[in-house]
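Here's the letter readout for the chains.
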Amino acid sequence: MTDSKYFTTTKKGEIFELKAELNSDKKEKKKEAVKKVIASMTVGKDVSALFPDVVNCMQTDNLELKKLVYLYLMNYAKSQPDMAIMAVNTFVKDCEDPNPLIRALAVRTMGCIRVDKITEYLCEPLRKCLKDEDPYVRKTAAVCVAKLHDINAQLVEDQGFLDTLKDLISDSNPMVVANAVAALSEIAESHPNSNLLDLNPQSINKLLTALNECTEWGQIFILDCLANYAPRDDRESQSICERVTPRLSHANSAVVLSAVKVLMKFMEMLPKDLDYYGTLLKKLAPPLVTLLSAEPELQYVALRNINLIVQKRPEILKHEMKVFFVKYNDPIYVKLEKLDIMIRLASQANIAQVLAELKEYATEVDVDFVRKAVRAIGRCAIKVEQSAERCVSTLLDLIQTKVNYVVQEAIVVIKDIFRKYPNKYESVIATLCENLDSLDEPEARAAMIWIVGEYAERIDNADELLESFLEGFHDESTQVQLQLLTAIVKLFLKKPTETQELVQQVLSLATQDSDNPDLRDRGYIYWRLLSTDPVAAKEVVLAEKPLISEETDLIEPTLLEELICHIGTLASVYHKPPSAFVEGSRGVMHKRLPARTGSGESTESPDVGTIAGGSGTETAPSIIPSQGDLLGDLLNLDLAPPTTTGPPPPTSGMQMGGMDLLGGGLDSLMGDESEPLGGDIGGSAAMGAGFGAVPAVMPASLNAPMGGGLGDLFDLGGGVGMPLGAYIPPKTVWLPAMKAKGLEISGTFARRAGVIQMELTLTNKAMSVMTDFAIQFNRNSFGLAPAGPLQVLSPLSPNQTIEVSLPLSTVGPVMKMEPLNNLQVAVKNNIDVFYFSCQYPISMLFVEDGKMERQVFLATWKDIPNENESQFQIKDCHLNSDAASNKLQASNIFTIAKRTVEGQDMLYMSIKLSNGIWVLAELRVQTGNPNYTISVKCRAPEVSQCVFQCCEAVLKN
């Protein structure tokens, strides 16, 4: 009898009856009852009331019954966490059962019960199962660690399960190795910088050994893990490739694609003149071809991946053109993909074959496919020059068919052929003009208008043709209107006497009767050009156009590199990096091919920013207005390089309206100039301080009882040793190539001899030369601005990298930013203007005359309100107080005095920012304790957080 009886409708009192059956003494009756419960649960009925009764059935030797109870438990544990604890003892007992299937079942179920209360009870049984003698139990336990990590990551780390998982990579059983790799990869994804999979030649060797013996999904996990390894040299790379190559003949297409990914990545490191390199290229073709004999959905995935492979290494499939020929019964999505790859593989050797196919496709019934086939003929003409004539005659044959959509597509591609081969095929224009009336699609109409305007001098009735389009000007799409405006202006410049009326008519329609801003603007530009300087208008409008490139739809090289590293995943189907479609991804790592210089994100936190500015004279603090429309500010930047050169000019007091520097009140910040303080401050101009009464509450360190009162504090100061080099943060990528059309900018900030430097590395990852570089900053908190032009003296060629140092001044316009040390930058070159933001370390703004007199320090500390004091912890710092003081002094953080109380060293420090703000700090260093405490006092408390981050960065690096 089938199990359908369990799903039949039940009578009144069902739960009560099931409860009675579950507590029956007869084993068979118990099993039947549990099956009914599971059936009810499956169809969505709430049977959670039976939880205690079902849990009681766990105590059984019957494996089938145990599986059913565990299934129930997984479903209801979350809604009944208190009840679920009852099952813990059984888990513990089952994990020691003599039957390995039961031990594995227990540990698998434990991983699926996502209840925090239970997890800590499950650690011991899991630890035992990870070291179980049976490999089936060990492989199940390995996956359980990943599930447990998802519920409570801290617990897994504290219990040392991650180390046990790493040990399992050396297990004798290949399935255990595969599951351990899968679990570690899963955990590593949520902790991208953890380096859990610490791959080295020994562990790689173990993985490659396991690769031959584990199941197909195990092989995929291991291959994906191998793809993340960076071989030391080409010999190791070749060795791995040799051992991975047999996977290409696997029946599972996922294994094949994972193997292709590993080989494509490691081939980057092999010299191209190596015999093995050629052999490997030949071995890669057959498995890819085999994938195309699968069902359509798999074919599509394979074709999307092949599209990437062909862009990276077209030589792999150059002799396999025929497999990409379209079959009559292929679905449309497969046909379009095949067509794309055919064009990529088209060459002089196979172009005749390809054109014959494409002409055949153009007579198909599927409209989308026909359109793409006609476009493909045009792309072939542009790609293979020798075939251009044959392509044009094929297109003319297609135009003669008079099939409307074929004619329209043909005209669009012939326009591109004219752009590629000017003055070569213009004899066909007459044929094109015959079909003018049948054009109804905007793109085709626009293409035809462009042809008429461009070759107006060869077409006798050009003015009549364009006038016919003008009649319904307002009903045309924007694309056609713009093209028509330009074509008529071209015609006027070529035949001014005959077309004056026509040009006035179109300019009037475009500027006065149109509400489209693009059209209006272009109309006004033409109107002004023609009315002020017709010669200039001729030079602009009739300028020689650059030839169009062969492949306009190639994926940008840096993105292609990343996608090759994701072959066999969704990214390779979408042709987008994972970060573009994985929502809230906790750690999507940007992958790169090994031979290229990767722009790996630096581990240095951008928050450890500091702001640097060197001013020669004492100035009033700059005023920072509130943050406005920053994008608007950046778009309004004049990107011509600044005219000033040389060092930054001395800062003068800025007259800027708006709110005060960090909202602290200028008077309280600078005090009353009329009441100068007794002592000079660190050799600079006297600081007006208007100090009031001493506050009642002092910092603990200053309140401590001392021999000679507060004044003695500063007679205990320990001498400060020789200064070290100032801390410079490592370079990080500010502008990735993907966002800047191939230009990658990395950089950092440094302060040298009182001058702030922005140190940039510019890399050209595009396929064209870059010139005419300029840089501009948006308004920022401390008035940072370039002190001279960006000195890129020679053009930046493809794949070239240069280092540039840009001196900065602090006399630019000021506006308070969030965060305070944020800097928005615009960089221009001959291609475009690119925007990015970065954070500068505030230590760049610490000036060299920031050492206060001791008495002034004491009076200032008292005078700054206690609510302006912030306290921070600097953890894991293993320097003694003298070493710390030397390090800080190198970054212009000056120690005024040092004292020791009960084994604790206290350093009193002063800092002066480029805009005149003073910051006072107290650093407590306890011998043997790696955690320091720092108290920061400042009249502008917003600065305190940045100062702390800066001190932490200096001390830890």
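Use the structure listed above.
The paragraphs below set out a description of the structure included in this document. (Residues numbered from 1 in each chain as written. Predicted model: local features only at pLDDT ≥ 70, side-chain atom pairs only at ≥ 80, totals over all residues. Heavy atoms only, no water.)

### Some remarks on the overall build of the chain
Move 1: When its secondary structure is counted, the chain shows 39 helices and 13 strands.
Move 2: Burial statistics for the chain: of 957 residues in total, 52% are counted as buried.
Move 3: Counting only contacts in the chain whose residues sit at least 6 apart along the sequence, the fraction spanning at least 24 positions is 70%.
Move 4: Of the roughly 42900 Å² of accessible surface on the chain, 51% is carried by carbon and sulfur atoms. (Helix = DSSP H or I, 4+ residues; strand = E, 2+ residues; numbered from the N terminus. Buried < 20%, exposed > 50% of the residue type's maximum accessible area, 1.4 Å probe, protein only. Contact = heavy atoms within 4.5 Å. Areas by Shrake-Rupley, 256 points an atom, 1.4 Å probe, with all protein chains shown as cover.)

### Topic: the pattern of salt bridges
Opposite charge on two side chains makes pairing possible when the charged atoms of those side chains draw close.
Move 1: All told, the structure shown has 37 salt bridges when counted by the stated rule.
Move 2: Here Asp-832 and Lys-741 are joined by a salt bridge, their closest N and O atoms 2.9 Å apart. With Asp-832 in the loop between strand 7 (822–828) and strand 8 (833–839) and Lys-741 in the loop between strand 1 (732–735) and strand 2 (743–752), the pair connects residues that are 91 residues apart, well separated along the chain.
Move 3: The class of Asp-832 is partly exposed, set by a relative accessible area of 31%. (Salt bridge = Lys/Arg side-chain N within 4 Å of Asp/Glu carboxyl O.)

### Thoughts on unusual backbone geometry
Move 1: Each neighbour pair has its own omega, and for Glu-818 with Pro-819 the value is -5°, a cis peptide bond.
Move 2: Looking at the secondary structure, you find Pro-819 in the loop between strand 6 (801–809) and strand 7.
Move 3: Within the chain, Asp-772 stands out as a residue other than glycine whose phi angle is a positive 55°.
Move 4: Following the sequence through the fold, Asp-772 ends up in the loop between strand 3 (755–764) and strand 4 (774–777).
Move 5: The backbone of Asn-892 sits at a positive phi, close to 65°, despite the residue not being glycine.
Move 6: As for its placement among the helices and strands, Asn-892 is situated in the loop between helix 38 (881–890) and strand 10 (894–901).
Move 7: The class for Asn-892 is buried, based on a relative accessible area of 9%.

### Describing the sheet that holds strand 12 (residues 918–926)
Move 1: As summarised here, the arrangement of the five strands in space is 9-13-12-11-10, forming an open sheet in which the pairing is antiparallel. A strand with exactly one partner marks an edge of an open sheet, and here the two such strands are strand 9 (869–874) and strand 10. Averaged over all pairs of adjacent strands, the angle between strand axes in this sheet comes to 20°, irrespective of strand direction.
Move 2: In terms of strand pairing, strand 9 meets strand 13 (residues 932–938) through six bridges, oriented antiparallel. Bridge pairing in strand 13 places Gln-873 opposite Thr-933.
Move 3: Here helix 37 (residues 854–863) sits on the sheet and contacts strand 9, strand 10, strand 11 (904–912), strand 12 and strand 13; the angle it forms with strand 12, its principal contact strand, is near 95°.
Move 4: Here helix 39 (residues 942–956) sits on the sheet in contact with strand 9, strand 11, strand 12 and strand 13, set at roughly 25° to strand 9. (Pairing = 2+ DSSP bridges. Axes fitted to C-alpha atoms, helices over the stretch in contact; angles between N-to-C directions.)

### Side note on the pairing of strand 8
Move 1: The alternating pattern of strand 8 places Phe-834, Phe-836 and Cys-838 on a buried face and Val-833, Tyr-835, Ser-837 and Gln-839 on a face that is not buried.
Move 2: Note: strand 7 against strand 8, seven bridges, orientation antiparallel. From the neighbouring strand, Gln-824 faces strand 8, where its bridge partner is Ser-837.
Move 3: Hairpin remark: strand 7 followed by strand 8, antiparallel, with four residues in the connecting loop.

### Looking at a negative patch on the surface
Move 1: There is a patch of like negative charges on the surface, built from Glu-464, Glu-467, Glu-471 and Glu-501.
Move 2: Note on placement: Glu-467 falls in helix 27 (residues 462–470).
Move 3: Owing to a relative accessible area of 40%, Glu-467 belongs among the partly exposed residues under this scheme. (Patch = residues over 30% accessible without salt bridge, like charges linked within 9 Å, V, L, I, M, F, W, Y side chains within 5 Å. Lys, Arg positive; Asp, Glu negative; His and termini not counted. Charge placed at Lys NZ, Arg CZ, Asp CG, Glu CD.)

### Regarding the packing of aromatic side chains
Move 1: Scanning the model with the defined rule gives 12 aromatic pairs in all.
Move 2: When the centroid spacing of 5.2 Å and the interplanar angle of 40° are considered together, the rings of Tyr-361 and Phe-369 count as tilted.
Move 3: We classify Tyr-361 as buried; its relative accessible area is 3%.
Move 4: The exposure class assigned to Phe-369 is buried, which follows from its relative accessible area of 0%.
Move 5: Ring geometry for Phe-857 versus Tyr-908: centroids 6.2 Å apart, planes at 75°, classification edge-to-face. Here the residue Phe-857 occupies a position in helix 37, and Tyr-908 occupies one in strand 11, the gap between them amounting to 51 residues.
Move 6: For Tyr-908, a relative accessible area of 1% corresponds to the buried category. (Phe/Tyr/Trp six-rings, centres within 6.5 Å; stacked < 30°, edge-to-face > 60°.)

### Focus on the packing of helix 27 against helix 29 (residues 500–511)
Move 1: Look at helix 27 against helix 29: their axes get within 11 Å of each other, and the N-to-C directions meet at 25°. Considered as vectors, helix 27 and helix 29 are oriented roughly parallel to each other. The chirality of how helix 27 crosses helix 29 is left-handed. For the pair helix 27 and helix 29, the contacting residues are Asp-463, Glu-467 and Leu-470 in the first and Leu-502, Gln-505, Val-506 and Leu-509 in the second. (Parallel < 35°, antiparallel > 145°, perpendicular 65-115°, else oblique. Left-handed = near helix turned anticlockwise from the far one by under 90°.)

### Observations concerning the nonpolar core
Move 1: Formed by 209 residues in total, the largest nonpolar core has its most connected members in Tyr-72, Leu-126, Val-244 and Phe-418.
Move 2: Beyond its immediate sequence surroundings of up to four residues, Tyr-72 is in contact with Val-37, Ile-38, Met-41, Val-47, Ser-48, Leu-50, Phe-51 and Val-54. (Core = buried A, V, L, I, M, F, W, Y, C linked by side-chain atoms within 4.5 Å.)

### Some words on the sheet that holds strand 8
Pairing between the strands of a sheet comes from backbone hydrogen bonds, and it takes one of two forms, parallel or antiparallel.
Move 1: The three strands are arranged 4-7-8 in an open sheet whose pairing can be described as antiparallel. Unpaired on one side and paired on the other, strand 4 and strand 8 mark the two borders of the sheet. Across this sheet, the average inter-strand angle for adjacent strands is 25°, counted without regard to direction.

### Re helix 7 (residues 100–112)
Move 1: Counted at 1.5 Å a residue, the expected span for helix 7 with its 13 residues is 18 Å, and the 19 Å between its end C-alpha atoms agrees.
Move 2: Buried residues of helix 7: Ile-102, Arg-103, Ala-104, Leu-105, Ala-106, Val-107, Thr-109, Met-110 and Gly-111, and no others.
Move 3: Buried-residue contacts for helix 7 involve helix 4 (63–76), helix 6 (88–94), helix 9 (123–130) and helix 10 (135–151).
Move 4: Between the side-chain oxygen of the N-cap and the backbone nitrogen of Leu-101 there are 2.9 Å, and the N-cap of helix 7 in question is Asn-99. (Expected span 1.5 Å × (residues − 1). Polar contact = N/O pair within 3.5 Å; in protein donor to acceptor, adjacent residues only side chain to side chain.)

### Brief notes about the packing of helix 15 (residues 216–227) against helix 17 (residues 253–267)
Move 1: Where helix 15 meets helix 17, the axes come as close as 9 Å, and the angle between the chain directions of the two elements is 15°. Judged on the interaxial angle alone, helix 17 and helix 15 are roughly parallel. Considering only the axes of helix 15 and helix 17, their crossing is left-handed. Taken together, the residues of helix 17 that come into contact with helix 15 (itself represented by Glu-216, Trp-217, Gln-219, Ile-220, Leu-223, Asp-224, Leu-226 and Ala-227) are Ala-254, Val-255, Ser-258, Ala-259, Lys-261, Val-262, Lys-265 and Phe-266.
Move 2: Of the residues that constitute the contact of helix 15 with helix 17, the class distribution is 10 nonpolar, two polar and four charged. (Nonpolar A, V, L, I, M, F, W, Y, C, P; charged D, E, K, R; others polar.)

In short, the description is geometric, and any link to function would need to be established separately.
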